[in-house]
Each structure stands twice: as C-alpha cells, then as structure tokens.
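# Report on the structure
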Amino acid sequence: MTFKIDLHSHSYFSDGALSPEQLIIRAETQQVSHLALTDHDTVAGLVEANTYSQASPLTLINGIELSTTWNNQCFHIVGLNIDPNDSTLQRGTLLLGQTRFERAEKIAYKLSKRGIPGAMDYVLKKAGQGMITRSHFAQYLLEENHVSSFQNAFDKYLGDGKSAFVSTSWVELETAVNWITDAGGQAIIAHPLRYKLTTSKLKRLLTAFKLAGGAGIEVVTGNNNPDDIRKASQFARTFDLYGSVGSDFHSDKNKWVELGRLAPLPHDIKPIWDLF
Ligand code: AMP
Ligand code: MN
Ligand code: MN
Ligand code: MN
C-alpha cells in the first residue's frame, strides 16, 4: 500500500455524516493508508473506529479536535495519537460536552426568539450520543427552509456575531495542549488561516501555542489553495512546528473535500508523523 495520510476527519459522533465504520470504508476506497478520526471534543467514535480498522489495511490514528479559548476567541486544536482512555482527557470531554449542551440551549432560545422554535429537540435527536454542534443547527434551519443553504445558516444566524451566535468559554488553549500531551499525543493548531487573524495576532497565538507545548500546525487542509499552504509553511518554519495534513472531511455531500485528497507537505517542513 502506498503512503497516503489524512490527519483530520469527522464522524457522526460530532458533526460528520458517516459512522466511524463508513468513514473507514470510504478512506479505504480512497486508498488512504493512515487516517486520524478527530471528532469535536469527543473520543466516543474511536472505539468503533478501532474495531473496524483492525480488519483493514488502513492504520487508524486516535485523534480529537478540541474547542479552545484564547483571547476570547475559539481555536481548534487537533490531538493525534492520544490515549482515548486517558482519564484527564475523558473528564475534559465530559466538561466540553456539558458546555456544548448549555450553548445549544442558548442558541435554541435565541432562534425561538426569532420565530424559529423546535431547534433543541431536533439537534438533541440528530446528535444522538455525539456532540451537539452548530452544524446540527444549520441542518435544522435548512430543513425548515429558514435559510437557502448550509453556509447561509452561518452567515444569517450561527456565525460569529450573528443573531443566534452564543459566545462560549471553551477550555483554555494551554490546558487543551496539556490534555493532549499528557495523553501521549501531539497537539496541532487546526486550519490556522480560517480564523482570519492579522499576521501579528496569529503570531501571538502561535507563540502561546508553542510555549504551551504545541507540536505542529496544519499546513495542508481540505480546501487549501497554494497561497494558504505557502503562508502556513512559513509559520511552521518561523515557529519550528511540525507540519500536519488533514482534509477536515465531514460529509460525502461536500464535493470539494475528499478523504486523503491533499497537496503534499513542502519538502523542508518536518512531517508530524515523524513523531508517531
Ligand atoms: P461548533 O464547533 O459547534 O461551533 O461547530 C463548528 C462546526 O461548524 C465546524 O467544525 C464546521 O464544521 C462548521 N462551521 C463553522 N463555521 C462555519 C461556516 N462559517 N460555514 C460552514 N460551516 C461552518
Ligand atoms: Mn465540524
Ligand atoms: Mn475545526
Ligand atoms: Mn474539523
């Protein structure tokens, strides 16, 4: 099997459309050799993922994508090669699950104030035993014809500062990095250019992340253009961070993002998998 790695993906244990089993089957079809399942704030899908990957040529990497707060803004930290049974990490996910539940109630309340009732019942049912996310709310708004597209739900209601946005205190960035490293994993700053930070603020973020023990930065993500890859690579060099690559695959409905379909890391960037 040739080497094809994808270190960022979601199942229906958070806001992905597929079960861990379906995700692994799809990854196999795409000839992915190494896949990390990195659901939002939960390790619950990793049990099923490990069960199915055992009979597969694919190597599964135990991962998570933690929601963190730094400077009053939310940043995503991917943890790779974590021990899913680590008790501190597990307690952390319980806390984040509670935070997500309470935020969901507030989002639902804001929507009801705007003439859209019933969202909480829907997202609870839809998320099932997985984490409730804004993607579930977006799906509800779309199904109920309150928005013209999934993206429009964020632009109109759910995005930062929009009418049903709820500012949330997640786990501190430094704490999240500790949870990951103490669970034997590597902490990676996810999709660094999606936060729309000024260069100086992004540099301050990376300084704090590096100081906290962060290992890597996602240099290549699902819908990266060459310019983003160049910029992220430059940050990897400046801050002496390993480079990661991950599609951030959520659903087979998004034609622009496919498991394992990623540009290669630039040659001088140290691959995060050198630490595996
Ligand atoms: P949450 O972690 O609950 O805030 O939900 C965030 C998830 O919603 C992200 O992981 C994306 O999958 C999706 N998302 C966030 N912002 C947007 C956006 N502007 N457009 C489309 N999807 C988004
Ligand atoms: Mn997501
Ligand atoms: Mn993310
Ligand atoms: Mn993600």
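Residues numbered from 1 in each chain as written. Chains lettered and ligands numbered in written order. Predicted model: local features only at pLDDT ≥ 70, side-chain atom pairs only at ≥ 80, totals over all residues. Heavy atoms only, no water.

### Concerning the pairing of strand 4 (residues 73-80)
The buried count for strand 4 comes to seven of eight residues, which makes it a mostly enclosed element. Two elements, strand 3 (residues 59-70) and strand 4, share eight bridges in a ladder whose sense is antiparallel. By the bridge assignment for strand 4, Thr68 is matched with Phe75. Bridge count between strand 4 and strand 6 (residues 186-189): four bridges; the pairing is antiparallel. Bridging across to strand 6, Leu80 finds its partner in Gln186. (Buried < 20%, exposed > 50% of the residue type's maximum accessible area, 1.4 Å probe, protein only. Helix = DSSP H or I, 4+ residues; strand = E, 2+ residues; numbered from the N terminus. Pairing = 2+ DSSP bridges.)

### Some remarks on the domain arrangement of the chain
Its domain assignment divides the chain into domain 1 (5-84 + 171-275) and domain 2 (93-158). When each unit is reduced to the centre of its C-alpha atoms, the spacing between domain 1 and domain 2 is 24 Å. The interface is formed by twelve residues belonging to domain 1 together with ten residues belonging to domain 2. Interface area, domain 1 with domain 2, both sides summed: about 880 Å², of which 62% is carbon and sulfur. The largest per-residue losses of area from domain 1 upon contact with domain 2 belong to Phe13, Asp15 and Asp41, which jointly make up 49% of the total buried on that side. For the interface between domain 1 and domain 2, the tally reads one salt bridge. One salt bridge in this structure joins Arg100 and Asp41, with 2.8 Å as the shortest N-O distance. The tally of links from domain 1 across to domain 2 stands at four residue pairs in polar contact (both at pLDDT 80 or more). When grouped by side-chain class, the residues that make up the side of domain 1 that touches domain 2 number six nonpolar, four polar and two charged. (Domains from an automatic or database assignment. Contact = heavy atoms within 4.5 Å. Buried area = accessible area lost by both parts, 1.4 Å probe. Salt bridge = Lys/Arg side-chain N within 4 Å of Asp/Glu carboxyl O. Polar contact = N/O pair within 3.5 Å; in protein donor to acceptor, adjacent residues only side chain to side chain. Nonpolar A, V, L, I, M, F, W, Y, C, P; charged D, E, K, R; others polar.)

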